[in-house]
Amino acid sequence: MGRGKKRSPQERYKRYSEWISSDDKKEELKKWLEKAGIPLELRTIKFLEEQGYRCSTYHCQDPDTGKYRELDIHASKTNIRSFKVGKCEIVFNVLILAECKYSHNLDLLAFESMDGYFPAFPVIFPRERILGAFYHNFEFPVIIRKIAETDVYNLASRENFQDKKTHEACEKLTFCFSCMYERIRKRFGVFFDKYRFSFEKPWLNYMSKGHPVRDKRALQRKIREFLKENFKAEELLTLIRYFPIQIGFPLMIISKDRGLIRIKCDMTTGQITDFEDIGYGIHPYVSENADKYDNILHGFFAFPIIICNLAYLDDCLGTLNKGIEKIASYVETLLHNDPYAIAEQVLEEIYTEHLYLRT
């Protein structure tokens with residue numbers, strides 16, 4: 001059979017008015033858009049905005065390629081909790097970076113981990129003195145050791161029992177959070193640096209009397225000694241009137257018609273006993289590029305990422321809100337008991353970057 005007559009561009013690409021009047025063509029287009037994940041992204045944004053978040057996409061530049069990567073959702077909420085210590089107002093803000101992963105046939109089977117130690121969660125700015133690891137304040141239904149993406153109606157498929165989509169989303173979230181951390185760190189640096197004028201002269205005078213400081217722990221001790229000798233707590237809290245704390249959460253969203261299923265096992269025999277729909281959980285993801293992300297890993301390997309079915313997002317946010325409230329309550333008690341900690345954090349932010357230049 002010979003080749004058919006080559007169609008003209010006009011024949012191949014008909015006007016939109018022809019396809020938009022065809023119900024069959026519109027249904028086909030809907031299915032392909034669903035596969036692209038666009039409606040899942042829009043539904044997630046709509047839900048987050050209903051919860052008071054401001055949403056947009058997020059772009060960051062890959063330093064290796066020079067190209068920009070796009071993440072589906074950047075969601076933020078300001079002043080979710082605040083309190084005063086003296087005249088200083090402490091304000092908590094929340095950041096969510098989310099990637100939406102749609103699949104028409106793959107459920108996520110979650111192998112559970114018994115190790116509940118993931119200190120790189122949540123991401124906190126600033127971190128060093130006031131806030132450490134607060135992962136134990138967040139009670140997730142499951143800690144996920146491994147994901148197996150599975151089409152249960154086609155178990156012989158070569159795509160089964162891999163984690164391609166999950167790995168792709170987790171790697172992008174890790175990369176983008178590392179970029180965001182640097183962006184926020186610089187913004188905080190500018191914010192804290194405005195206090196340099198108030199501390200610079202007495203600080204340099206104090207440091208000139210002793211030996212040069214060569215490491216961060218020694219710097220922290222020097223800062224505390226300096227503040228105790230030169231300022232009353234009330235003076236510092238009058239000088240520093242506002243102190244922001246930002247808490248970040250990485251989030252991978254799957255559609256409502258796909259499950260996040262816990263594989264239940266007999267702990268004695270190791271045999272699989274059942275499957276349970278859990279809806280959301282936390283996955284301590286270990287990137288092959290982990291050495292590039294120490295700014296968010298802080299010496300650890302796993303970057304914990306929340307995986308959530310959109311239908312369970314309300315429950316998931318409830319878990320996050322409870323954890324945030326526990327963190328805020330702890331910090332409020334800490335700072336009322338030790339108000340010098342606020343100024344210590346400010347000076348660490350100012351002088352750690354210039355540790356070797358300023359001594």
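Check the entry above for the structure.
Residue indices follow the written sequence of each chain, beginning from 1 at its first position. Local features are withheld for residues below a pLDDT of 70 in this predicted model, meaning they are given only at 70 or higher, and side-chain atom pairs are given and counted only at 80 or more; totals for whole chains, interfaces and linings count all residues. As a rule here, side-chain values come from all non-hydrogen atoms in the structure, and water together with hydrogens is ignored.

Read across the sheet, four strands follow the order E6-E4-E8-E9 without closing on themselves; strand pairing throughout is mixed. Among the strands making up the open sheet, the edge pair consists of strand E6 (144-150) and strand E9 (272-277). Averaged over all neighbouring strand pairs, the angle between strand axes comes to 30°, with direction disregarded. Here the rule is simple: two strands pair whenever DSSP picks up at least two bridges between them. In this text, helices come from DSSP runs of H or I with a minimum length of four residues, and strands from runs of E with a minimum of two, each type numbered from the N-terminal end. As judged from the six bridges shared by strand E4 (residues 107-112) and E6, these two strands associate in the antiparallel manner. As a rule, the C-alpha atoms of each element are fitted with a line to give its axis, helices using only the stretch in contact, and angles between N-to-C directions run from 0 to 180 degrees.

What follows concerns the pairing of strand E10 (residues 280-286). With five of its seven residues buried, E10 lies for the most part within the structure. Sheet topology places E10 next to strand E11 (residues 302-309); seven bridges connect them, and they run antiparallel. Looking across to E11, one finds that isoleucine 282 is bridged to isoleucine 306. Buried, partly exposed and exposed residues are distinguished by accessible area as a fraction of the type maximum, computed with a 1.4 Å probe on protein chains only: under 20%, between the cut-offs, and over 50%, respectively.

The salt bridge criterion pairs a side-chain nitrogen of Lys or Arg with a carboxyl oxygen of Asp or Glu, the two atoms within 4 Å. Counted by the stated rule, this structure contains 14 salt bridges. As a salt-bridge pair, arginine 196 and glutamate 200 come within 3.7 Å of each other at their nearest N and O atoms. Remark: glutamate 200 and arginine 196 occur in helix H6 (residues 196-207); sequence separation between them is four residues, near one turn of the helix. When its relative accessible area of 16% is taken as the criterion, glutamate 200 is described as buried. Among the ionic contacts, a cluster of salt bridges with common partners joins Arg81, Glu325 and Glu332.

Okay, the packing of aromatic side chains next. For this analysis, a ring pair means two rings from Phe, Tyr or Trp (six-membered ring only for Trp) whose centres lie within 6.5 Å, classed as stacked if their planes differ by under 30 degrees, edge-to-face if by over 60, and tilted for the remaining angles. Enumeration according to the criterion identifies 24 aromatic pairs in this entry. Between phenylalanine 121 and phenylalanine 138, the aromatic rings sit 5.3 Å apart at their centres with planes inclined by 80°, giving edge-to-face as the arrangement. Placement of phenylalanine 121 in the loop between E4 and strand E5 (123-125) and of phenylalanine 138 in the loop between E5 and E6 is noted, with a sequence separation of 17 residues between them. Phenylalanine 138 matches phenylalanine 121 in its accessibility class, with the two residues each being buried. Definition used: whenever NZ (Lys) or CZ (Arg) falls within 6 Å of the ring centre and also within 35 degrees of the ring normal, the charge is taken to sit over that ring. Over the ring of phenylalanine 175 we find arginine 69; its NZ or CZ atom is 4.0 Å from the centre of that ring.

To continue, consider the packing of H6 against helix H11 (residues 340-351). At a minimum axis distance of 11 Å, the contact between H6 and H11 shows a crossing angle of 80°. The pairing of H6 with H11 is recorded here as roughly perpendicular in orientation. Of H11, the residues touching H6 (which contributes Arg196, Phe199, Glu200 and Trp203) are Leu347, Ile350 and Tyr351. Asp, Glu, Lys and Arg are counted as charged, while Ala, Val, Leu, Ile, Met, Phe, Trp, Tyr, Cys and Pro are counted as nonpolar; the rest, among them Gly, fall into the polar class. When grouped by side-chain class, the residues that make up the contact of H6 with H11 number five nonpolar, no polar and two charged. In these notes the angle categories are as follows: under 35 degrees is roughly parallel, over 145 is roughly antiparallel, 65 to 115 is roughly perpendicular, and the rest is oblique. Here, two residues are considered to be in contact whenever any of their heavy atoms come within 4.5 Å of each other.

Taken together, the side chains of Tyr16, Trp19, Ile20 and Leu29 present a nonpolar region at the surface, about 400 Å² in accessible area. Along the chain, tyrosine 16 falls in helix H2 (residues 16-19). Exposure above 30% relative accessible area and the lack of any salt bridge qualify a residue for a patch; like charges then connect within 9 Å, and the nonpolar side chains Val, Leu, Ile, Met, Phe, Trp and Tyr within 5 Å. To be clear on the numbers: accessible area is Shrake-Rupley with a 1.4 Å probe, and residue cover counts the displayed protein chains and nothing else.

To continue, consider the side chain of asparagine 160. Within the secondary structure layout, asparagine 160 lies in the loop between E6 and helix H5 (164-193). Residue asparagine 160 is classed as buried on the basis of its relative accessible area, which comes to 6%. The term polar contact refers here to a pair of N or O atoms within 3.5 Å; inside protein, the definition further demands a hydrogen-donor-capable atom paired with an acceptor-capable atom, and it admits residues adjacent in sequence only when both atoms are side-chain atoms. Polar side-chain contacts of asparagine 160 include one of 3.1 Å to the backbone oxygen of leucine 155. Beyond its immediate stretch of four places on either side in the chain, asparagine 160 contacts Leu106, Glu149, Thr150, Asp151, Asn154 and Leu155.

Within the secondary structure layout, isoleucine 143 lies in the loop between E5 and E6. Taking the C-alpha atoms as reference, isoleucine 143 lies 7.0 Å from glycine 116; in sequence the two are 27 residues apart. Non-local contacts of isoleucine 143, meaning those with residues more than four positions away in its chain, are made with Phe111, Glu112, Ser113, Asp115, Gly116, Phe118, Ile282 and Pro284.

A word on the side chain of histidine 283. Checked against the element boundaries, histidine 283 lands in strand E10. Note on histidine 283: relative accessible area 9%, which makes it buried. Looking at histidine 283, its side chain comes within polar contact range of the main-chain oxygen of isoleucine 144, at 3.0 Å. Beyond its immediate stretch of four places on either side in the chain, histidine 283 contacts Ile144, Arg145, Thr166, Cys170, Phe303, Pro304, Ile305 and Ile307.

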